[in-house]
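# Inside the fold
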Amino acid sequence: MPKILVFAGSWRPGSMNTRLATLVAKKLAAAGAEVTQISLGDYPLPLIDARAFDNDPPAEAKALAALVEAHDGLFIVSPEYNAGYPPALKNALDWISIVRSGGPGLRGKVVALGGASAGSLGTYRCLTQLRTVLELGFGALLVPEMLAVAGADKAYGEDGELSDRRTAGFLDKVVARLIKVAAMHP
Ligand code: FNR
């Protein structure tokens, strides 16, 4: 079974996207994947600029790049900021891209995307941008389905599951697809 790394683009206390990432990690594990969930907040990084090419990268960037390379696939759960994805997420991805560890980084890595927002579009606008950047800039392989959870502040039942059956079913579909495609591209 593939090894999947899960993280959210927000790590604030009470983050809706961290909550969704935790549910995603649970579903991936239940479906048989070997799952690692991290918080990007545990890898504090300075804002990147082109000096990154000349200097030894921070240990946190090296650790993130090593984690990515040690997994067959990623599930990234992103908040939406003004119809885009958060700068902290792009910063982390950019740092991963410049670490020269001898490995492929995100190139050829299978990635699934999700996001949670209280709004009615459920981060879908940001996910389309994140998808484009990951494909064109990072060379990642994106699974077709993207999980956008709208009304995420009221989306969970008392059992901690997504209460809307269609959304819950779609989560299972994305999880199954990620496991299947990641197993094909170890
Ligand atoms: C937001 N938020 C937001 N939500 C949305 O659905 N569409 C949007 O375009 C925006 N824009 C936006 C800009 C900025 C600068 C912030 C800080 C927030 C609201 C956002 O979805 C909300 O704060 C979430 O709670 C953030 O995700 P976490 O931290 O709960 O995971």
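The text that follows walks through the structure, step by step, so that each part is easy to find. None of these values were measured; they are calculated from a predicted model. (Residues numbered from 1 in each chain as written. Predicted model: local features only at pLDDT ≥ 70, side-chain atom pairs only at ≥ 80, totals over all residues.)

## Some thoughts on the site of the ligand
Cut-off, in case you're wondering: Nearness is defined per residue: the C-beta atom, placed using the backbone, must lie within 6 Å of the molecule or strand. Here the nonpolar group is Ala, Val, Leu, Ile, Met, Phe, Trp, Tyr, Cys and Pro; Asp, Glu, Lys and Arg are the charged ones; every other residue, Gly included, is treated as polar.
Around the ligand sit 13 residues in total, of which Ser10, Asn17, Pro79, Ser117 and Gly119 are the nearest. For the shell around the ligand, the class distribution of residues is four nonpolar, seven polar and two charged.

## A few points about the pairing of strand β1 (residues 3-8)
We count it as follows: For every residue, the other C-beta atoms within 10 Å of its own C-beta are counted; 20 or more classify it as buried, 12 or fewer as exposed, and values in between as partly exposed. C-beta atoms are placed from the backbone. Numbered from the N terminus, helices here are DSSP runs of H or I no shorter than four residues, and strands are runs of E no shorter than two. Here the rule is simple: two strands pair whenever DSSP picks up at least two bridges between them. Whether a crossover is right-handed depends on one test, that the path from the first strand over the helix to the second runs clockwise when the strands point away from the viewer.
Of all six residues that make up β1, five are buried, and the element is covered over most of its length. Note that β1 and strand β2 (residues 34-37) share four bridges and pair parallel. Residue pairing in the sheet places Lys3 in a bridge with Glu34 of β2. What joins β1 to β2 is helix α1 (residues 16-30), and the crossover it makes is right-handed. Of the strand pairs in this sheet, β1 and strand β3 (residues 73-77) are connected by five bridges, and their pairing is parallel. Bridging from a neighbouring strand, Ile4 pairs with Gly73 of β3.

## Overview of unusual backbone geometry
Positioned with a positive phi, Ala83 is a non-glycine residue whose angle comes to about 70°. Along the chain, Ala83 falls in the loop between β3 and α3 (87-98). The phi angle at Thr123 is positive, at roughly 75°, despite the residue not being glycine. Here Thr123 is to be found in the loop between β4 (110-116) and α4 (124-136). Given 31 C-beta atoms within 10 Å, Thr123 falls into the buried group.

## Some remarks on the nonpolar core
Generally speaking, a soluble globular protein has its nonpolar side chains buried in company with each other. We apply this condition: Joining buried Ala, Val, Leu, Ile, Met, Phe, Trp, Tyr and Cys residues through C-beta atoms within 7 Å gives a set, and that set is a nonpolar core.
Formed by 56 residues in total, the largest nonpolar core has its most connected members in Ile4, Val6, Val24, Leu28, Phe75, Ile96 and Leu178. In terms of residues, this core owes the most to one element, α1, which gives seven residues.

## With respect to helix α2 (residues 59-69)
An α-helix turns once per 3.6 residues; consequently, residues spaced three or four apart project the same way. As a reminder, the rule being used: Directions drawn from the helix axis to the C-beta atoms are what define this arc.
Turning to α2, its buried residues number three or more, namely Ala61, Leu64, Ala65 and Val68. When α2 is viewed along its axis, its buried side chains cluster within an angular range of 95° and face the same direction.

## Here we look at the packing of α2 against α3
What counts here: Between N-to-C directions, angles span 0 to 180 degrees; the directions come from axes that are lines fitted to C-alpha atoms, helices contributing only their stretch in contact. Between 65 and 115 degrees an angle is taken as roughly perpendicular, under 35 as roughly parallel, over 145 as roughly antiparallel, and anywhere else as oblique. Residue pairs qualify as contacts under a 7 Å threshold applied to their C-beta atoms, which are placed from the backbone.
At a minimum axis separation of 8 Å, α2 and α3 run at an interaxial angle of 80°. Overall, the two elements α2 and α3 adopt an arrangement that is roughly perpendicular. Counted together, Ala61, Leu64, Ala65 and Val68 of α2 and Ala92, Trp95 and Ile96 of α3 form the full contact between these two elements. Among the residues making up the contact of α2 with α3, the classes are represented as seven nonpolar, no polar and no charged.

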